[in-house]
Amino acid sequence: MQQLDAQRRPRPGGPWSARAAGARVAWWHRHAALSSLAVAVVLAACAPDPRASYAPVYGPARPTAGGIYRFAVHPLHNPQRLAETYGPIVAYLNRRLGGPILQLEAARSYEEFESKLYGRAYDLALPNPHQTIHALQSGYRPFGKMGDDTSFRGIILVRRDSGILEVAQLKGKAVAFPAPTALAATMLPLWFLHHHGLDANRDIQRRYAGSQESSIMSVYLGETAAGATWPVPWEAFQRKRPDIAAALVVRWETASLLNNSLVARDDVPPELVKRLGELLSSLHETEEGARLLQAIPISRFEPASALTYEPVRVFLDAYEKAIQ
């Protein structure tokens, strides 16, 4: 791969820069407040160690005898929604681990998350499949994944009153995407447009909004003719802002790919990784666990390995040759 400029991806082995996303502050993030969940919010103070500069950090603030392990989720949602969704799962796991404590962390952007992931700053993480492939080169190994692979697909929204019915009508228009490295919400939609008659490199103006919600809002506000996301944040957005969602319609859906992975850095104790895999894979078997999964929403977590994500590598090789 070639180095990303405003709309180009970097070579394999290094993180794909999201500088193309631009510096604008997304509408959604300007209006979101941090969650008031019981999960504590820790704003790390400045320190020479870059790991001490994370903000925000969700989780127990006090070190324990068993140690603290940083668990980061890629920007599936804005920080408030991420805390609401994954905070209870982390609390569930902590109650059952008995010694080691997981600390949930939210990155401000895809670029920040990937920089820390590829720099081995996280102990454990939930990256998307593209990030998973690159994290392998930084010493991370998948030990599980989200189920429901059929839900891991892209969707393209337009305003109901836009009159846009055909892919060809997007030619020359601006289309919003969350970030260059959002596989379901950016890569799969670009792949879809490429195979439905548009030159994804020249026929549309790509606008990287910085988050799933911001991509959705850009369509509602008329900043773009269409916006890409994926079912999980779209369903959450419909529940939270039904008034705005009613003005939008899903015009196209892409094929699906493997869902997000769970990875552990190679120096995390194997017994901890094994126990986490067991707890998460059995989450759907209890009433409490099923409720936690419903909030994501998925039906279950399941075991996985690096070999599981080989189809993603194949897709990325094809994507790289077709879309710059």
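Structure first, text after, so check above.
A.B. asks: A description of the pattern of salt bridges should follow, citing residues and the corresponding values.
C.D. replies: Inspection of the entire model under this criterion finds 18 salt bridges. Connected through shared salt-bridge partners, Arg95, Arg96 and Glu288 make up one network.

A.B. asks: Break down the side chain of threonine 132 for me, citing the residues and quoting the values.
C.D. replies: Summarising the element assignment, threonine 132 is placed in helix α4 (residues 129-135). Take threonine 132: its relative accessible area is 1%, and that puts it in the buried class. Among all residues touching threonine 132, those that are not within four sequence positions of it are Pro127, Pro142, Ser261, Val263 and Tyr309.

A.B. asks: Could you give an account of the packing of aromatic side chains, naming the residues involved and the relevant values?
C.D. replies: Applying the stated criterion to the full structure yields seven aromatic pairs. Residues tryptophan 191 and tyrosine 319 carry aromatic rings whose centres are separated by 6.5 Å and whose planes lie at 35° to one another, so their mutual orientation is tilted. Of this pair, tryptophan 191 sits in helix α5 (residues 183-194) while tyrosine 319 sits in helix α11 (residues 310-322); the two residues are 128 residues apart in sequence, bridging distant segments of the chain. Look at tyrosine 319 and you get buried, because its relative accessible area is 2%. Joined through ring pairs, the aromatic side chains of Trp191, Phe315 and Tyr319 make up one cluster. In this structure, arginine 96 packs its charged tip against the face of tyrosine 92, placed 3.7 Å from the ring centre.

A.B. asks: An account of the pairing of strand β7 (residues 153-159) is needed here, citing residue identities and associated values.
C.D. replies: Along β7, five of the seven residues are buried, which leaves the element largely enclosed by surrounding structure. With six bridges joining them, β7 and strand β11 (residues 248-256) adopt antiparallel strand pairing. Paired with leucine 157 across the strands is valine 250, a residue of β11. In this structure, β7 lies alongside strand β10 (residues 226-229), joined through three bridges in antiparallel fashion. When the sheet's bridge partners are listed, isoleucine 155 is paired in β10 with threonine 229.

What counts, and where the lines are drawn
- Residues numbered from 1 in each chain as written.
- Predicted model: local features only at pLDDT ≥ 70, side-chain atom pairs only at ≥ 80, totals over all residues.
- Heavy atoms only, no water.
- Salt bridge = Lys/Arg side-chain N within 4 Å of Asp/Glu carboxyl O.
- Helix = DSSP H or I, 4+ residues; strand = E, 2+ residues; numbered from the N terminus.
- Buried < 20%, exposed > 50% of the residue type's maximum accessible area, 1.4 Å probe, protein only.
- Contact = heavy atoms within 4.5 Å.
- Phe/Tyr/Trp six-rings, centres within 6.5 Å; stacked < 30°, edge-to-face > 60°.
- Lys NZ or Arg CZ within 6 Å of the ring centre and 35° of its normal.
- Pairing = 2+ DSSP bridges.

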